[in-house]
Amino acid sequence: MHKDLESIVLTREQIAQKVKEAASWLDEKFKDSKPLAISVLKGSVFFFCDLLREMKTPVQLDFMTVSSYGSKAQSSGMPKIVMDLAASVEGRDVILVEDIVDSGHTLVRMRDLIMGRGAKSFTTVALFDKPSRRQVDIKADYSCFEIADEFIVGYGLDYAQQYRNLPYVGILKRSIYGNV
Ligand code: PRP
C-alpha cells in the first residue's frame, strides 16, 4: 500500500468486478444503438478505458476535460470546461463516464451542455457516488459504489494531481491534506 494512505477501500479485483457489471448494464441499455461515450477527464480515464473494453456494444469515444477542484478539496461549484469535445453530440445517445459524483455540479454542467447541444439521450455512469456531499439534486443513472465522505484517491482519483495511477482505491491520510 502507498505510504500516504490510511487504508485500501477497494482492491483492483473488486473494482474490475463492478466495472464488468456496469458494462453489462450499458450493453443491455444500448443494444440497439450506437452510443457516443464521453470520458470526463482526467479522473475517469482508467474507469472509462476498462469499462469500454468490457462492453460488447460498438461505441465511439470522445473526451472532455472539466475541472472544478483545482488543487483544493472543496468543489468550486463552477466546473470549468478546459478542453471541449471533438465530436458533435447532436442526435446521439451519449454515455457520460465519471469517476465520482460529489457535489453534483459537474454532472449538472455536463447534462445541460450536452442536452443543450441536441443530444438524443444522456446516460451517466459513475464509479463512485458520494451522496452525503451533494449540493444539487442529481444522480448518475448507474453508480458502481456508494461511498462515505472520505478523501479517497487512486484509479483516477487524485489529490493535487497525485495518486491517480494507483491500481486500487484508498483513503488518504489526513496529514497529507489536513491543511487544505
Ligand atoms: C472531479 C471528478 C468529477 C468531479 C465531481 O473532477 O473527476 O469530474 O470532480 O465533483 P462534483 O460532483 O463536486 O462536481 P476534478 O474537477 O477534480 O478534475 P479531475 O477529473 O481532473 O480530477
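Quick look at the structure, then. (Residues numbered from 1 in each chain as written. Predicted model: local features only at pLDDT ≥ 70, side-chain atom pairs only at ≥ 80, totals over all residues. Heavy atoms only, no water.)

1. Thoughts on the packing of aromatic side chains
What the rule picks out here adds up to 7 aromatic pairs. Three or more aromatic residues joined by ring pairs form one cluster here, namely Phe151, Tyr159 and Tyr177. Here the basic side chain of Lys18 rests over the ring of Phe145, its NZ or CZ set 5.7 Å away from the ring centre. (Phe/Tyr/Trp six-rings, centres within 6.5 Å; stacked < 30°, edge-to-face > 60°. Lys NZ or Arg CZ within 6 Å of the ring centre and 35° of its normal.)

2. As for the pairing of strand β6 (residues 121-129)
With 8 of 9 residues buried, β6 lies mostly within the body of the structure. The sheet contact formed by strand β5 (residues 93-101) and β6 spans 8 bridges and is parallel. Within β6, the residue paired with Asp93 across the bridge is Ser121. Crossover handedness for the path β5 to helix α3 (residues 105-116) to β6: right-handed. Two strands pair when backbone bridges link them, and β6 and strand β7 (residues 142-146) are joined in this way by 4 bridges, in the parallel orientation. Each bridged residue has a counterpart across the sheet, and for Val125 the counterpart in β7 is Tyr142. (Buried < 20%, exposed > 50% of the residue type's maximum accessible area, 1.4 Å probe, protein only. Helix = DSSP H or I, 4+ residues; strand = E, 2+ residues; numbered from the N terminus. Pairing = 2+ DSSP bridges. Right-handed = clockwise from strand over helix to strand, strands pointing away.)

3. As for the side chain of Asp27
Inspection of the secondary structure puts Asp27 in helix α1 (residues 12-29). In this structure Asp27 is buried but unpaired, with Lys56 as the nearest side chain of opposite charge at 4.7 Å. One polar contact links Asp27 to Thr57, side chain to side chain, over a distance of 2.6 Å. Sequence-distant contacts of Asp27, that is, excluding residues within four places in its chain, are made with Glu54, Met55, Lys56 and Thr57. (Lys, Arg positive; Asp, Glu negative; His and termini not counted. Salt bridge = Lys/Arg side-chain N within 4 Å of Asp/Glu carboxyl O. Polar contact = N/O pair within 3.5 Å; in protein donor to acceptor, adjacent residues only side chain to side chain. Contact = heavy atoms within 4.5 Å.)

4. Quick notes on unusual backbone geometry
A cis amide bond, omega 0°, links Leu41 with the succeeding residue Lys42. Inspection of the secondary structure puts Lys42 in the loop between β2 (36-41) and α2 (45-54). The phi dihedral of Tyr155 is positive, around 50°, even though this residue is not glycine. Looking at the element boundaries, Tyr155 is found in the loop between β8 (152-153) and β9 (169-172). We note that Gln161 has phi near 70°; this positive angle belongs to a residue other than glycine. Structurally, Gln161 is set in the loop between β8 and β9. Under the relative-accessibility criterion, Gln161 is labelled partly exposed at 42%.

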